[in-house]
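Residue-level structure breakdown
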Amino acid sequence: NSNLIYELTAVLQLPLAYSEDEDIRRSLLACSTLRLAPEVQEILARDNEYYIRERLARRTDILPEVQNILAHDEDIVRDLLENPNLSPEAQKIIAKNEDKYIRFNLAEKSNLAVEVQKILLNDSFTRDFILNNPNLAEEVQIYCSKLGWSDRSSLAENPNIALETQKMLVHDKDNFVRKSLA
């Protein structure tokens, strides 16, 4: 029964998504409780109007595949970063963005995938922000505890480092790192 409703919804949404009238396309996005069909999401992700793509990017229910499309859209990527449900694949695409401020904003997200944390750790502009991200994965923390003293010191200042990492840093050979832990 729910599949029938979903199919019916998709059939009704498609003509609206293809409408020449921008206001009609906007109306699809106005109702946040309306679950947009995958085909409709893809159509709207490629819409010529910035406002349509921007509203779509901020929806928490957009599919990862659609997020990937929007992650390549330089006009929309900042709006996509506002989405709390940003998929790991979209995060990886954004982590490779040429704009260092976009990468910086990504580094501050609380739900970064471990693989993306590692990518951003290798970026000199975002490294400190990753080291201070309160949700830094323990495996990344342990890796970071073996980096240079400046990076270990930044890691030591992270308020949520794991107990195992703390144990390693308490015995660090560098006095500055140990002081940063306190």
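Residues numbered from 1 in each chain as written. Predicted model: local features only at pLDDT ≥ 70, side-chain atom pairs only at ≥ 80, totals over all residues. Heavy atoms only, no water.

A word on the overall build of the chain. From N to C terminus, the chain includes 14 helices and zero strands. Ordering the α and β elements of the chain from the N terminus gives α-α-α-α-α-α-α-α-α-α-α-α-α-α. Expressed as a percentage of its 182 residues, the buried residues of the chain come to 45%. A sequence separation of at least 24 residues applies to 37% of the contacts in the chain between residues at least 6 apart. Of the accessible surface of the chain, which amounts to about 10,100 Å², a share of 51% is contributed by carbon and sulfur atoms. (Helix = DSSP H or I, 4+ residues; strand = E, 2+ residues; numbered from the N terminus. Buried < 20%, exposed > 50% of the residue type's maximum accessible area, 1.4 Å probe, protein only. Contact = heavy atoms within 4.5 Å. Areas by Shrake-Rupley, 256 points an atom, 1.4 Å probe, with all protein chains shown as cover.)

Our focus in this paragraph is the packing of aromatic side chains. In total, this model carries five aromatic pairs according to the counting rule given. Centre to centre, the rings of Phe 125 and Phe 129 are 6.3 Å apart; their planes meet at 50°, and the pair counts as tilted. The exposure class assigned to Phe 129 is partly exposed, which follows from its relative accessible area of 31%. Where Trp 149 meets Phe 176, the ring centres are 5.6 Å apart and the plane angle is 85°; that geometry is what we call edge-to-face. In this pair, Trp 149 sits in helix H12 (residues 149–156) while Phe 176 sits in helix H14 (residues 175–181), placing the two residues 27 residues apart along the sequence. (Phe/Tyr/Trp six-rings, centres within 6.5 Å; stacked < 30°, edge-to-face > 60°.)

A separate point is the nonpolar core. Counting 41 residues, the largest nonpolar core has Leu 56, Leu 70, Leu 80, Ile 94, Leu 106 and Leu 120 as its most contacted members. It is helix H7 (residues 88–95) that provides the largest number of residues to this core, a total of four residues. (Core = buried A, V, L, I, M, F, W, Y, C linked by side-chain atoms within 4.5 Å.)

With that settled, the discussion passes to the packing of H7 against helix H8 (residues 100–107). Axis separation between H7 and H8 bottoms out at 9 Å; the angle between their running directions is 145°. In this structure, H7 uses Gln 91, Ile 94 and Ala 95 to contact H8, whose residues at the interface are Ile 102, Arg 103 and Leu 106. Residues belonging to the contact of H7 with H8 are distributed by class as follows: four nonpolar, one polar and one charged. (Axes fitted to C-alpha atoms, helices over the stretch in contact; angles between N-to-C directions. Nonpolar A, V, L, I, M, F, W, Y, C, P; charged D, E, K, R; others polar.)

So, on to the confidence of the model for the chain. Put simply, the chain has an average pLDDT of 87, and 85% of its residues get 70 or more. With pLDDT under 50 throughout, residues 4–8 is counted as low confidence; its partners more than four residues away or in other chains account for four contacts. (pLDDT = per-residue confidence, 0-100.)

Let us look at H8. Buried within H8 are the following residues: Ile 102, Arg 103, Phe 104, Leu 106 and Ala 107. Lining the buried residues of H8 we find helix H6 (77–81), H7, helix H9 (114–121) and helix H10 (127–131). With a side-chain oxygen positioned 2.8 Å from the backbone nitrogen of Tyr 101, the residue opening H8 is Asp 99. (Polar contact = N/O pair within 3.5 Å; in protein donor to acceptor, adjacent residues only side chain to side chain.)

Right, let's get into the pattern of salt bridges. Scanning all chains against the criterion turns up 14 salt bridges. In this structure, the salt-bridge partner of Asp 75 is Arg 53, at a minimum N-O distance of 3.7 Å. You can see Asp 75 sitting in the loop between helix H5 (64–71) and H6 and its partner Arg 53 sitting in helix H4 (residues 50–57), a full 22 residues away along the chain. Asp 75 sits in the exposed class, given a relative accessible area of 53%. For Arg 53, a relative accessible area of 8% translates into the label buried. Between Lys 92 and Glu 89 there is a salt bridge whose closest N-O contact spans 3.4 Å. On the criterion of helical spacing, the pair formed by Lys 92 and Glu 89 is a turn pair, its members being three residues apart in helix H7. Taken together, the shared-partner salt bridges connect Glu 54, Arg 58, Asp 79 and Glu 82 into one network. (Salt bridge = Lys/Arg side-chain N within 4 Å of Asp/Glu carboxyl O.)

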